[in-house]
Structures are given as structure tokens and as C-alpha cells.
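Observations on the model geometry
One-letter residues, chain by chain:
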Amino acid sequence: MLDHVETMFDSIPDMLKKLKKRSYESNMELFRKRNASYFDEIIQYVETQENKEKASATVAGFLADAAEKRFAGSNGKIKPRQQADLNFFMIYYTFPAILLTENENADLIDKSICDEWARRFKDSKISYTDYGSIYNTFNEKILGIF
């Protein structure tokens, strides 16, 4: 399940750098396109299981495992700065992308991931929201400077 899903995290630095309304929109489009197969697999797996809560928790475990595989150092822990970036990435991209599938289990999946993140990673009690809410928080220009 979710073979090589850790590649989802490969572009974190580029996708969080100089984040503005226009770049967020294009980044999200690219992120969803690159990772569509993972989101399809996640949704399909949860949909086909009788116990949706357990299936969502399994998916959350796979994503947390992938993050650890990709970012943990020799001590088995993720550095605080990297963990903060990973948390922002999950909030800005992964959670909204799951919600954008418009699947009836998307909220459950995101909640399960949040719960696993808080359990697994230090200082990572994060929450999720939809793409539109995040998108609407960006301004094109701040005081006409940008």
C-alpha cells in the first residue's frame, strides 16, 4: 500500500518558499497532479473497508511512516525545523488535497492523520482545513509592496 509515498514530500522546500496566493494555487495543482495516484489509493482503500475508522488509521500510519523514512536522522527523529516544515506542508497541501477529492471519508482520513501526527511527532498537534479557506487567507499585495 502507498508504495514510495515518501516522494510526496520531496518538494517541500520549493512549495513552502515565498508562498503567495498565485504560487499556492499553482503549487496545489501540481501537487495534486503528481500525487493523484496516492490520493486515489487512499480513498479507494478506505472506501472498500468495512471499518472506515480503522482503515483511516492505517492510512495515517503509512503516511507517518513515510515521513519518518524520508526525514528521520540517524537517531530516528526528525529535526524540529524539518518537522515544522512537514507540519505546514501537511496543513497547506496534503489535508486540502484529500478534502478536494470530495469523498465522504475525506474528513475522517484527515482527522486520523492529525491524530497520528500528534501521537507520533513531537510538537505536532496540527489541524486541517479545506483548500478554499487557506487560499482565501492569502493576499496578492500587502500595502501595495508585493
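First things first, this report covers the structure right here in the doc. (Residues numbered from 1 in each chain as written. Predicted model: local features only at pLDDT ≥ 70, side-chain atom pairs only at ≥ 80, totals over all residues. Heavy atoms only, no water.)

In terms of helices and strands, the chain carries seven helices and zero strands. For 146 residues, the compact-globule formula gives about 15 Å, and the C-alpha radius of gyration of the chain, at 15 Å, lands near that figure. Across its three principal directions, the C-alpha atoms of the chain cover 50 × 40 × 25 Å. For the chain, the residues scored as buried account for 40% of the 146 residues in total. Partitioning the intrachain contacts of the chain with sequence separation of at least 6 by distance along the chain shows that 74% fall at a separation of at least 24. Distance from the positive charge centre (21 side chains) to the negative charge centre (23 side chains) of the chain: 9 Å. (Helix = DSSP H or I, 4+ residues; strand = E, 2+ residues; numbered from the N terminus. Rg over C-alpha atoms; globule rule 2.2 N^0.38 Å. Buried < 20%, exposed > 50% of the residue type's maximum accessible area, 1.4 Å probe, protein only. Contact = heavy atoms within 4.5 Å. Lys, Arg positive; Asp, Glu negative; His and termini not counted. Charge placed at Lys NZ, Arg CZ, Asp CG, Glu CD.)

This paragraph deals with helix H2 (residues 21–34). Taking 1.5 Å per residue as the helical rise, H2 with its 14 residues ought to reach 20 Å, and the 20 Å between its terminal C-alpha atoms agrees with that figure. Turning to H2, its buried residues number three or more, namely Lys21, Tyr24, Asn27, Met28 and Phe31. Buried positions in H2, seen along its axis, are confined to an arc of 120° and lie on one side of it. H2 presents Arg22, Glu29, Lys33 and Arg34 as exposed residues on the side facing more than 90 degrees away from its buried surface. Buried positions along H2 lie against helix H1 (12–16), helix H3 (36–48), helix H5 (80–99) and helix H7 (131–135). (Expected span 1.5 Å × (residues − 1). Arc of directions from axis to C-beta.)

Of all hydrophobic cores here, the largest spans 41 residues; its most connected members are Phe9, Phe31, Ile113 and Trp117. Every element with two or more residues in this core is listed here: H1, H2, H3, helix H4 (52–71), H5, helix H6 (106–120) and H7. Leave out the neighbours within four places in its chain, and Phe31 touches Met8, Met15, Phe39, Phe89, Tyr93, Thr94 and Ala97. (Core = buried A, V, L, I, M, F, W, Y, C linked by side-chain atoms within 4.5 Å.)

Moving on, we get to the side chain of Asn103. Among the structural elements, Asn103 can be located in the loop between H5 and H6. Residues in contact with Asn103, not counting those within four places in the same chain, are Ile43 and Glu47.

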